[in-house]
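Topology and contacts: notes
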There are 2 protein chains.
Amino acid sequence: MIEPRILKGFRDSLPQQELRRKDLITCLESVFSSFGLVPIDTPVLEYTEVLLGKGGGETDKQVYTFTDHGGREVAMRFDLTVPFARYMASHAHELPLPFKRYHVDKVWRGENTQKGRYREFYQCDFDIVGIDHVSADFEILLIINESLKRLGIPAFSVHLSHRGIFNSFLADLGIADRAPDILRCVDKMQKIGLSEVEAQLQEIITIQQTRDVLAFISASGTPLEVLSALGDLCGKAQEHIHRLSILTDFAMDAGCADTLVINPSITRGLDYYTGVVYETYLDELEAIGSICSGGRYNDLASLYTKQKLPGVGASIGLDRLLAALDELSDTPSRSSTADVLVICMDESRMGDYQRIACRLREAGLHAEVSLTKRRLPQQFSYAERVGIPLALILGEEELESGTYTLRDLQSRMQERLQSIEKLVNRCRLLTGKGAHTL
Amino acid sequence: MIEPRILKGFRDSLPQQELRRKDLITCLESVFSSFGLVPIDTPVLEYTEVLLGKGGGETDKQVYTFTDHGGREVAMRFDLTVPFARYMASHAHELPLPFKRYHVDKVWRGENTQKGRYREFYQCDFDIVGIDHVSADFEILLIINESLKRLGIPAFSVHLSHRGIFNSFLADLGIADRAPDILRCVDKMQKIGLSEVEAQLQEIITIQQTRDVLAFISASGTPLEVLSALGDLCGKAQEHIHRLSILTDFAMDAGCADTLVINPSITRGLDYYTGVVYETYLDELEAIGSICSGGRYNDLASLYTKQKLPGVGASIGLDRLLAALDELSDTPSRSSTADVLVICMDESRMGDYQRIACRLREAGLHAEVSLTKRRLPQQFSYAERVGIPLALILGEEELESGTYTLRDLQSRMQERLQSIEKLVNRCRLLTGKGAHTL
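Residues numbered from 1 in each chain as written. Chains lettered and ligands numbered in written order. Predicted model: local features only at pLDDT ≥ 70, side-chain atom pairs only at ≥ 80, totals over all residues. Heavy atoms only, no water.

**Some points on the overall build of chain A**
Secondary structure assignment for chain A yields 16 helices and 16 strands. When each of the 438 residues of chain A is scored for burial, the buried share is 58%. Partitioning the intrachain contacts of chain A with sequence separation of at least 6 by distance along the chain shows that 66% fall at a separation of at least 24. (Helix = DSSP H or I, 4+ residues; strand = E, 2+ residues; numbered from the N terminus. Buried < 20%, exposed > 50% of the residue type's maximum accessible area, 1.4 Å probe, protein only. Contact = heavy atoms within 4.5 Å.)

**With respect to the sheet that holds strand S2 (residues 45–47) of chain B**
In a beta sheet, neighbouring strands are held together by backbone hydrogen bonds and run either parallel or antiparallel to one another. Residues and elements named next belong to chain B. Here 3 strands make up an open sheet; going across it, the order is S2-S4-S3 and the pairing antiparallel. Unpaired on one side and paired on the other, S2 and strand S3 (65–67) mark the two borders of the sheet. For this sheet the average axis-to-axis angle between neighbouring strands, irrespective of direction, equals 35°. Relative to strand S4 (residues 73–76), S3 runs antiparallel, the two being bridged by 3 bridges. By the bridge assignment for S4, phenylalanine 66 is matched with valine 74. (Pairing = 2+ DSSP bridges. Axes fitted to C-alpha atoms, helices over the stretch in contact; angles between N-to-C directions.)

**Quick notes on the relation of the copies chain A and chain B**
For the match of chain A to chain B, the screw axis carries a shift of 0.0 Å, the RMSD comes to 0.0 Å, and the turn is 180°. With respect to symmetry, the two chain copies, as superposed, fit the operation of a two-fold axis. Most of the interface of chain A is mirrored in chain B: 100% of its interface residues are interface residues there too. (Least-squares fit on C-alpha atoms with pLDDT ≥ 70 in both.)

**Digging into unusual backbone geometry**
All names here are of chain A. Of the consecutive residues leucine 97 and proline 98, the connecting peptide bond is found in the cis state with omega at 0°. Counting through the fold element by element, proline 98 comes out in the loop between helix H3 (81–91) and strand S5 (99–108). In this structure, arginine 412 takes a positive phi of about 60° despite not being glycine. Of note, arginine 412 is situated in the loop between strand S15 (404–408) and strand S16 (413–417). The exposure class of arginine 412 is exposed, given its relative accessible area of 58%.

**Some remarks on the interface of chain A and chain B**
The partner chain B presents 107 residues to the 107 residues of chain A that form the contact. With both chains or domains summed, chain A and chain B bury close to 8900 Å², and 62% of this area falls on carbon and sulfur atoms. Remark: the boundary between chain A and chain B carries 8 salt bridges. Among the ionic pairs, glutamate 29 of chain A bridges to lysine 22 of chain B, the shortest N-O distance being 2.9 Å. Taken together, the links from chain A to chain B amount to 40 residue pairs in polar contact (both at pLDDT 80 or more). Of the residues forming the side of chain A that touches chain B, the biggest block, 8 residues, is contributed by helix H1 (residues 15–34) of chain A. Split into classes, the residues belonging to the side of chain A that touches chain B amount to 49 nonpolar, 27 polar and 31 charged. (Buried area = accessible area lost by both parts, 1.4 Å probe. Salt bridge = Lys/Arg side-chain N within 4 Å of Asp/Glu carboxyl O. Polar contact = N/O pair within 3.5 Å; in protein donor to acceptor, adjacent residues only side chain to side chain. Nonpolar A, V, L, I, M, F, W, Y, C, P; charged D, E, K, R; others polar.)

**A closer look at the packing of helix H4 (residues 134–150) of chain A against helix H11 (residues 238–253) of chain A**
Residue and element names in this part refer to chain A. H11 packs onto H4 with a crossing angle of 50° between their chain directions and a minimal axis gap of 10 Å. One finds that H4 runs oblique with respect to H11. For the element pair H4 and H11, the recorded crossing hand is right-handed. Contacts between H4 and H11 involve Val134, Ser135, Asp137, Phe138 and Leu141 from the first element and Arg243, Ile246, Leu247, Phe250 and Ala251 from the second. (Parallel < 35°, antiparallel > 145°, perpendicular 65-115°, else oblique. Left-handed = near helix turned anticlockwise from the far one by under 90°.)

**A few points about the packing of aromatic side chains**
Under the counting rule described, the total for this entry stands at 19 aromatic pairs over all chains. An angle of 15° between the planes, with centres 4.9 Å apart, marks the rings of phenylalanine 166 of chain A and phenylalanine 216 of chain A as stacked. Placement of the pair is phenylalanine 166 of chain A in helix H5 (residues 163–172) and phenylalanine 216 of chain A in helix H9 (residues 207–218), with a sequence separation of 50 residues. Counting every residue linked through ring pairs, the aromatic cluster contains Phe10, Tyr64 and Phe66 of chain A together with Phe10, Tyr64 and Phe66 of chain B. Positioned above the aromatic ring of tyrosine 47 of chain B is the side chain of arginine 5 of chain A, whose terminal nitrogen or guanidinium carbon lies 3.8 Å from the ring centre. Here the guanidinium or amino end of arginine 101 of chain A rests over the ring plane of phenylalanine 84 of chain A, the centre of that ring lying 3.7 Å away. (Phe/Tyr/Trp six-rings, centres within 6.5 Å; stacked < 30°, edge-to-face > 60°. Lys NZ or Arg CZ within 6 Å of the ring centre and 35° of its normal.)

**Quick word on the environment of glycine 53 of chain A**
Following the sequence through the fold, glycine 53 of chain A ends up in the loop between helix H2 (48–52) and strand S3 (65–67). For glycine 53 of chain A, a relative accessible area of 12% corresponds to the buried category. The contacts of glycine 53 of chain A, once residues within four sequence positions are left out, are Thr48 and Leu303 of chain A together with Ile2 of chain B.

**A few points about the pattern of salt bridges**
Pairs can form between side chains of opposite charge once their charged atoms are near each other. All names here are of chain A. Counted according to the given criterion, the structure contains 66 salt bridges over all chains. Taking the shortest distance from any N to any O, the salt bridge between arginine 86 and glutamate 46 comes out at 3.0 Å. Here glutamate 46 lies in strand S2 (residues 45–47) and arginine 86 lies in helix H3, a separation of 40 residues in the sequence. We note that arginine 86, like glutamate 46, is buried. With a shortest N-O distance of 4.0 Å, arginine 359 and glutamate 421 are connected by a salt bridge. One end of the pair, arginine 359, is in helix H13 (residues 350–362); the other, glutamate 421, is in helix H16 (residues 420–431), with 62 residues separating them in the sequence.

**A look at the pairing of S4 of chain B**
Note on strand geometry: in a regular strand, side chains alternate between the two faces of the sheet. Residues and elements named next belong to chain B. Pairing between S2 and S4: 3 bridges, direction antiparallel. Residue tyrosine 47 lies in a different strand from S4, and its bridge partner there is valine 74. Between S3 and S4, which pair antiparallel in sequence order, lie 5 residues; one of them, glycine 71, sits at a positive phi of approximately 75°.

Structure representation (structure tokens):
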């Protein structure tokens, strides 16, 4: 006998969790599709050299790499961005540009699990590449907005800023060469707070420069107020400030400016970003941090092709979002999607039970059939345990007369319905499933 | 610059293919759910010992195995059955029994790609475990039926047989010890034909025994005729024949007996199966072989637990099914799901375009916005190329007057609509999207 253990940092998904994850992904994918984004997929395994380049940084140590049967050095994908860059280099000539894509799938990193991190987890990325235009920056903002609204999240804000403005400001101060360190330090603001950022900045730059940087990142108010303050602080960044101001105008025209915050302290640690950057916070759960982040990059696939592919995109933290939805919602999650449990009264009637269940299924209802005869209370209690709201009782009498006894398991009310049409309508009413939802 | 090559046997999925695959999976999962089956997930990486046991057969050589950062021997899953067995051993106490599950996801095998095989491919499994009852055998048959019907496959048949009957028959002939070889040989019938099977059988058993086996596997006719013939041929298998006959009765009661064929030549090569076995053939594409196969097994998780878990299930060959649907369908596949392309006439109006597009999205329509101003014919031709049927033209005049010009790209007819409600209704009508499909 082998012990059925699983690897540290990996998880089985029980039906209840898996249903919630699938619901979340279905909802997000339907938002992405509604904007005309299309799905792509790439292999889980790729040549190590293609995924990691020739270098070997901090991330690389976490990547699962090995030698395959044919002696090739291969690696499991550790994000969905690098494979997308490789994909665009391979397929740009077959795709319309700008190309709008989404990709929701697993990635793997041999992270330290003591930090509560998993070694197998989901990423959810959406991007618009082949265009450097404020209309694309704006569309990504809209998609973030729509995604959270469609998930029923009551209050959130999308914080926006522009790397170009900050870089220009640092250049004015004569500390452009320290930009990476400063960005990384400012990026920790939400986590460590203003005074700690101040202390850390003073190790990199002078006290006056630190004050100037803090004044910059502390600018707050309505989008127009912040943009005006930034205009005063960095005269040479007018072009970038103008771009954010057009984006703000678009958001007002589209009626979605209420969630928009221009926040100069948003920098995103990564060198990768060159233009607008996004972070998204839930008003009621600020402590969990940003649940959707991203930004504009100059050139997606420069590692693989000379073709210039500027783009903009963002990534939703699915695990974090699931945790947030858990906290925000009171409705218990189910471990079944069935609407009706067809009770088994007589095992020889299984053909009839399934025939009637099929009628319900054709009408878009989910009908599970009990496969063996057990006492009625046992069958009811199974339904209640997994979250099936209705039970259909088909005794000899019902089957002979073509009638249907439907039991609402919560109210314990039973009623006899005289036709399959009436049964379907009653089930729809009681489960809230409209006539057209299939 | 790194060449953006991918590994042999692995594939990128372009939007057109990925949309088709996702549609197929969504359709199958909605059928599974309609029967009350629930989704589960397991890790892609597991301990090698857990996935492969302590042995090392033919499959094992194809499994991707390696040593991870922590010195653990790990393997990528090569099917969805072994991880499910391990999963049930770990979680049976938390799950209702019988447990009905589905799992659609990728698996990896380092197969010889010269045979046209891929090293990364999808499996689609559904099972009912914790029950040894004809009602479960019957439900799996129904799910196969419903899946193919829902996919719009015009004509197919599910071929059924019972391992127990064949084994009993071979025991009667005194050749029970040769059963594995004989089963494997008979299993090739569809591929190599009757006379080649005869030749191969004669290398294992006598000429008379070969004749008897051939008589057994050639029994044909209606389910009742075949069952009666089998009853005559193997008197000691009455119990198993009775089970198939109850299953046939159920199918008749449920109104789905028309696709059912009792075919004693169906054996499924694997030792694993102990009861009913299934293969599914498309009438118009018999040559591609079975697109859904499975059967009943005695004990799913005996490698990991003493708890006896009998079950029955089947697996759909997604790649094969996609190829079949391609051959059977005339409708060209699209590389976009958008219903409407909102034309960009003036880049400064992007906020208005998106505001109106959002109204369409709220109504369940997919509205893509052109992100830059290009000549009208160019924007139309993009829509036609990716398969977007409608274009929405919002010039100054339309935006000022609150009207909407909608162009049907196929008929090239344009009409002016006077309100957003009229626009929504017209789009729904022209795309066939009902009021309630979100």
